[in-house]
Amino acid sequence: MKSKRSTNKAIMKKYSQGSREAQEKQKNDKKNVPVLVITYFVIFIFIGMMVHLVKYVVVDADSDIANSYNKRQNLYAETVIKGQIISDDGVVLAETKTDDDGNETRVYPYSNMFAHAVGYDSNGQAGLEMVSNYYLLTSNQNILYRIYHALSDKKDMGNNVITTLDYDLQSTAYNALGDNDGAVVAIEPSTGKIKAMVSKPDFDPNQISSVIQETANSDSSCLLNRATQGMYPPGSTFKILTTLEYIRENPNYKSYSYECEGDGIFNSVSIHCYNHKVHGTVSLEDSLAYSCNTSFSNIGTKLDMDALNKLCGDFLYNKELPYDGYYKKSSYTMTSKTDKSLIPQTVIGQGETLITPLHNAMVMCAIANGGVLMKPYMMDRIENCDGSVVKKFSKDSYGRIISSAEAQTLTELMMSVTEYGTASDYFSGAEYTVAGKTGTSEKWRDKWFCGITPQLSTAVWIGGRDEVRMPSSVACDGVYGNFMSQVLAGQPIEQFPTSDTKLTYNTTDFGNGSGSTGSSPEHE
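Values in this document were obtained by computation on a predicted structure and should not be read as measured data.

Cut-offs used in this document
- Residues numbered from 1 in each chain as written.
- Predicted model: local features only at pLDDT ≥ 70, side-chain atom pairs only at ≥ 80, totals over all residues.
- Heavy atoms only, no water.
- Helix = DSSP H or I, 4+ residues; strand = E, 2+ residues; numbered from the N terminus.
- Buried < 20%, exposed > 50% of the residue type's maximum accessible area, 1.4 Å probe, protein only.
- Contact = heavy atoms within 4.5 Å.
- Areas by Shrake-Rupley, 256 points an atom, 1.4 Å probe, with all protein chains shown as cover.
- Pairing = 2+ DSSP bridges.
- Salt bridge = Lys/Arg side-chain N within 4 Å of Asp/Glu carboxyl O.
- Axes fitted to C-alpha atoms, helices over the stretch in contact; angles between N-to-C directions.
- Parallel < 35°, antiparallel > 145°, perpendicular 65-115°, else oblique.
- Left-handed = near helix turned anticlockwise from the far one by under 90°.
- Nonpolar A, V, L, I, M, F, W, Y, C, P; charged D, E, K, R; others polar.
- Polar contact = N/O pair within 3.5 Å; in protein donor to acceptor, adjacent residues only side chain to side chain.
- Arc of directions from axis to C-beta.
- Phe/Tyr/Trp six-rings, centres within 6.5 Å; stacked < 30°, edge-to-face > 60°.
- Lys NZ or Arg CZ within 6 Å of the ring centre and 35° of its normal.
- Patch = residues over 30% accessible without salt bridge, like charges linked within 9 Å, V, L, I, M, F, W, Y side chains within 5 Å.

Attention now moves to the overall build of the chain. Each helix and strand in the chain was counted, giving 17 helices and 19 strands. Here the chain holds 524 residues, and the buried ones make up 50% of them. Long-range contacts, defined as pairs at least 24 residues apart, comprise 70% of the intrachain contacts of the chain with a sequence gap of at least 6. Carbon and sulfur atoms form 51% of the exposed surface of the chain, whose accessible area is close to 25500 Å².

Next comes the structure, spelled out in structure tokens:
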């Protein structure tokens, strides 16, 4: 009996001891939880930092070093002779010449013609000289030569930048613009390649020191690249977006009809067509073809201004452009809360709306490319001094801006401008397919023609900042016509992309505008 009791006591003692150990372990585990959490957190942060470091070294480092605002790039010039900038068709646009004493001079063989696109490399930097500076001052020359140069205290040859610019197109655009102050931007819609970029007045980058000194003591703005930094009212080229918004809100847009009497009052603002011309009964297509201001003001008074604002945002108004060079951001301010008296002028491209020629060319690119905008770019590839490809820049899509059906509809409507509308004098007998839109602004200080062919999207702007009315003989569609006639001479006729999809609509009520008094600028 005693033996049994002893056994039971031993068992109880052992159980009690095990229970105390379990309780003690549980307490310790609870104490260890914060320690474990902190440990895992530190490990997680460490792994994240390592992943970020590896990504930066492998992916981002070159981009940061290549950033045109990185002033440390110029340190490379101590050991590298800056490479050449070359056109897409093999013409040298900028190179470094070294004399017998080792003095280096940056030379621009074609002077003013590529001044704004290529830029300059002394007294600061601009254009491709700034954007591609890192690549030009990086050498991928044969390693044996680089070792030899290091031992003999000589410089390596920098890489060459092959651009998307086409010498023949640039030369044609430059000559077509003539003595006018203006800009021409030509982009390949299917790729985003910038084939020509001209701005006037221009300058000789070979004489940049004296040019900068002269501009500092005068009102000259020849250093301004009007193609990317000039902000101008879009004029009637904006009617393309007004047309699209009306189509979206009105499924029966083909039935639209308006009686143009040359003048009209809309939201208390007087609007008149160019030279008060009476267009009579016009459809939506006719309204765009004839650039009928009263018809578009009539349309604008019933549009959803917030929807139009969103459409402009989709076309990158008020937004950063997917472009690596220096540019200014376009502006559109109209919303449903804005004073309604501003609507009639805003929908015809006046008011506070401003856009650059580059951006207007991009708007047309999206339409020409079936609604998809390709990011514009000017560097095609990087080659070493022996011609081996070091880096290739591929086309890149920004995304779909509008549907393919909308793009096709707008293209067909813009073809009426060139077939029987305001630009028909220049294009009715053209041997190529072209669609586009003319535009002028207040007091004729800005003139536009934005045109598309399947091969090229081009914006032409001519203007002045004074109060003198520009002569009617100054015609951007004429500049464009001369440019395209030479560009497409002998090439087979191509057709625009077509769509199998149908238009979609946001239906709203629509009616005629009315009001009392006011005034508007004259433009077409």
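Now, onward.
Note: strand β14 (residues 379-383) against strand β15 (residues 389-392), three bridges, orientation antiparallel. By the bridge assignment, Ile382 is partnered in β15 with Lys391. Hairpin connection of β14 to β15: five residues between the antiparallel strands, including Gly387 at a positive phi of 95°.

Bringing the pattern of salt bridges into the picture now. Inspection of every chain in the model, using the stated rule, returns 14 salt bridges. Between Lys82 and Glu129 there is a salt bridge; the shortest N-O distance is 3.0 Å. Separated by 47 residues along the polypeptide, Lys82 in the loop between β1 (80-81) and β2 (85-86) and Glu129 in helix α3 (residues 127-131) bring together distant segments of the chain. Residues Lys82 and Glu129 agree in their burial class; the two are buried. We note a salt bridge from Asp380 to Lys193, for which the minimum N-O separation is 3.6 Å. Taken together, the residues span a long stretch of sequence, with Asp380 in strand β14 and Lys193 in the loop between β7 (182-187) and β8 (194-200) at a distance of 187 residues.

Running from N to C, helix α6 (residues 167-177) and helix α17 (residues 476-487) point in directions that differ by 150°, and their axes come no closer than 9 Å. By the criterion of interaxial angle, the relationship of α6 to α17 is roughly antiparallel. Handedness of the α6/α17 crossing: right-handed. The segment α6 lies against α17, with Leu169, Thr172, Ala173, Ala176 and Leu177 engaging Val479, Asn482, Phe483, Gln486 and Val487. For the contact of α6 with α17, the per-class residue count stands at seven nonpolar, three polar and no charged.

Moving on: the side chain of Ser291. Summarising the element assignment, Ser291 is placed in the loop between α10 (284-289) and α11 (293-300). Given the relative accessible area of 2%, Ser291 is considered buried. Within the local environment of Ser291, its side chain forms a polar contact with the side chain of Lys239, the two groups lying 2.9 Å apart.

Listing the buried residues of helix α7 (residues 208-216) in full gives Ile208, Val211 and Thr215. The buried residues of α7 occupy an angular sector of 55° when projected down its axis, which confines them to one face. Residues of α7 that are exposed and angled more than 90 degrees away from the buried face: Gln213, Glu214 and Ala216.

For strand β18 (residues 446-452), the buried fraction is high: seven of the seven residues fall into the buried class. Side chains of β18 alternate between two faces, with Asp446, Trp448, Cys450 and Ile452 and Lys447, Phe449 and Gly451 buried alike. Of the strand pairs in this sheet, strand β17 (residues 435-440) and β18 are connected by six bridges, and their pairing is antiparallel. Note that in β18 the partner of Gly436 across the bridge is Gly451.

Each aromatic ring pair is summarised here by two numbers: the centre-to-centre distance and the angle between the ring planes. Evaluated as defined, the whole model comprises 16 aromatic pairs. Plain terms: the ring middles of Tyr232 and Trp461 are 3.7 Å apart, the flat faces sit at 10° to each other, and that makes the pair stacked. Residue Tyr232 is found in the loop between α8 (226-229) and α9 (239-249), and its partner Trp461 is found in strand β19 (residues 457-463); the two are separated by 229 residues along the sequence. Take Tyr232 and Trp461: they sit in the same class, and that class is buried. Aromatic ring contacts, followed pair by pair, group Tyr110, Phe114 and Tyr167 into a single cluster. Note that Lys200 overlies the ring of Tyr174, its terminal NZ or CZ placed 3.9 Å from the centroid.

On to a nonpolar patch on the surface, then. Together, Ile38, Phe41, Val42, Phe44, Ile45 and Met49 give the surface a local cluster of nonpolar side chains, amounting to about 650 Å² of exposed area. Following the sequence through the fold, Phe44 ends up in helix α1 (residues 2-66). Judged by its relative accessible area of 61%, Phe44 falls in the exposed class.

Another aspect to go through is the side chain of Gln229. By the element assignment, Gln229 lies in helix α8. Relative accessible area serves as the criterion here: at 17%, Gln229 is assigned to the buried category. For Gln229, the contacting residues outside a window of four places in its chain are Leu224, Tyr326, Tyr327, Lys328 and Thr356.

On to the environment of Thr164, then. Inspection of the secondary structure puts Thr164 in the loop between β6 (160-163) and α6. Owing to a relative accessible area of 1%, Thr164 belongs among the buried residues under this scheme. As a C-alpha pair, Thr164 and Arg381 span 217 residues in sequence and 8.8 Å in three-dimensional space. Ignoring sequence-local partners within four residues, the contact set of Thr164 consists of Asp88, Lys193, Ile194, Lys195, Tyr377, Met378, Met379 and Asp380. A distance of 2.6 Å separates the side chain of Thr164 from the backbone oxygen of Ile194, its partner in a polar contact. Polar contacts involving the side chain of Thr164 include one to the main-chain carbonyl oxygen of Tyr377, which spans 3.2 Å.

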